[in-house]
Amino acid sequence: GTTPDYGEQRLPQALIIGVKKGGTRALLEAIRAHPDVRAVGTEPHFFDRNYEKGLEWYRNVMPKTLDGQITMEKTPSYFVTNEAPRRIHCMAKDTKLIVVVRNPVTRAISDYTQTLSKKPEIPTFEVLAFKNRTLGLIDASWSAIRIGIYALHLENWLQYFPLSQILFVSGERLITDPAGEMAKVQDFLGLKRIVTEKHFYFNKTKGFPCLKKPEDSSAPRCLGKSKGRTHPKIDPDVIHRLRKFYKPFNVMFYQMTGQDFQWEQEESDK
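This report concerns the structure included in the present document. (Residues numbered from 1 in each chain as written. Predicted model: local features only at pLDDT ≥ 70, side-chain atom pairs only at ≥ 80, totals over all residues. Heavy atoms only, no water.)

### Concerning the nonpolar core
- One finds I17, F47, Y58, Y78, I88, W157 and F253 to be the most contacted residues of the largest nonpolar core, which totals 29 residues.
- Those elements that place two or more of their residues in this core are β2 (14-18), α3 (84-91), β6 (96-101), α7 (150-158), β9 (166-170) and α10 (236-257).
- Setting aside residues no more than four positions away along its own chain, I88 makes contact with L15, I17, F47, Y78, T95, L97, W157 and F161.
- Among the nonpolar cores identified, the runner-up in size contains 24 residues, and L27, I98, L174 and V185 belong to it. (Core = buried A, V, L, I, M, F, W, Y, C linked by side-chain atoms within 4.5 Å. Buried < 20%, exposed > 50% of the residue type's maximum accessible area, 1.4 Å probe, protein only. Helix = DSSP H or I, 4+ residues; strand = E, 2+ residues; numbered from the N terminus. Contact = heavy atoms within 4.5 Å.)

### Observations regarding the environment of F261
- Examined against the element boundaries, F261 turns out to sit in the segment after α10.
- When the C-alpha positions of F261 and F168 are compared, they lie 9.7 Å apart, and in sequence the two are 93 residues distant.
- The residues contacting F261, other than those within four sequence positions of it, are V101, F168, S170, F253 and Y254.

### Quick notes on helix α9 (residues 178-188)
- In terms of burial, α9 is largely enclosed, as eight of its 11 residues are buried.
- Buried within α9 are the following residues: P178, A179, E181, M182, A183, V185, Q186 and F188.
- Against the buried residues of α9 lie α1 (24-31), β6, β9, α8 (171-176), β10 (200-203) and β11 (208-211).
- Positive phi shows up at G190, right after α9, with a value of about 75°.

### Section: the packing of aromatic side chains
- Tallied over the full model, the rule gives 22 aromatic pairs.
- Both rings, one in F245 and one in Y246, keep their centres 5.1 Å apart while their planes meet at 70°; by these two values the pair is edge-to-face.
- Ring centres 6.2 Å apart and planes at 5° place the aromatic pair F253 and W263 in the stacked group. Here W263 lies in the segment after α10 and F253 lies in helix α10, a separation of 10 residues in the sequence.
- F253 gets classed as buried once you look at its relative accessible area, which sits at 1%.
- Residue classification places W263 among the buried residues on the basis of a relative accessible area of 2%.
- A connected cluster of aromatic rings, assembled from ring pairs, spans F46, F47, Y51, W57, Y58 and Y78.
- Lying across the ring of F188, K96 places its NZ or CZ 5.7 Å from the centre. (Phe/Tyr/Trp six-rings, centres within 6.5 Å; stacked < 30°, edge-to-face > 60°. Lys NZ or Arg CZ within 6 Å of the ring centre and 35° of its normal.)

### Topic: the pairing of β2
- Taken across its five residues, β2 has five buried, putting it largely inside the fold.
- Examined bridge by bridge, β2 and strand β5 (residues 70-74) share three bridges and lie parallel to one another. Along β5, the bridge assignment pairs A14 with M72.
- By the bridge criterion, four bridges tie β2 to β6 in an arrangement that is parallel. If you follow L15 over to β6, its bridge partner there is L97. (Pairing = 2+ DSSP bridges.)

### Let's talk about unusual backbone geometry
- Cis geometry marks the peptide bond from G18 to V19; its omega dihedral reads -5°.
- By the secondary structure assignment, V19 is in the loop between β2 and α1.
- Its identity is not glycine, yet H45 carries a phi of approximately 50°, on the positive side.
- If you trace the backbone, H45 turns up in the loop between β3 (37-39) and α2 (54-61).
- We classify H45 as buried; its relative accessible area is 10%.
- Although it is not a glycine, Q262 sits at a positive phi angle of roughly 60°.
- Topologically, Q262 is positioned in the segment after α10.
- The exposure class assigned to Q262 is partly exposed, which follows from its relative accessible area of 45%.

Structure representation (structure tokens):
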């Protein structure tokens, strides 16, 4: 969108902090369709990679806003960055945090698929996923797998932020019911529910919902070519082992958040 010449640059009051391959871009584009939200299009990576540049640098990355508008940015790696909770709390302890989560198994495969598209020479998913294939030992240090241990990362955030300041968005429901998830997001941000069913249409080729009219344009906006990649075929046994690996962490995450994301219910249809 075009930045108006009026208003002023403010530090963000809300952040989309994760997770990688969860649906953060889709969420950002949808929330930007709200007239009271101004957001940074690119990921600033301030609280993980650019922190030494200082808050003034960060403020200067922000779009200009009018009174009553919310400034936002998204950087999905914040969720897994150890220093991020303390640093954000240091900026403003009332910052609202949004985490888009997705079934950790499909998230890991999606993550691998993205890396594969950039580096076709990497080993297979199966090779990277196991420390010891014969014993079926999952390599939890591989980032594609580590990111999905949500309970582990969340613990870090809860040392600085109350649960009431963190909204967990289901990456799956963002696709099956975008308007429903967006209602929760707008409520959480204290915004009028302006982004509704009317804003979305389902694109059969892409396999997910697209925005009809995003900010400042009359053309429909689908997510780019890099979204909705076809995942490589992965040995069902590997999927089964990963499911088993994640289950206790998922259960713990459901207990911590008080939300059941139903990732365990999918055994039957996969």
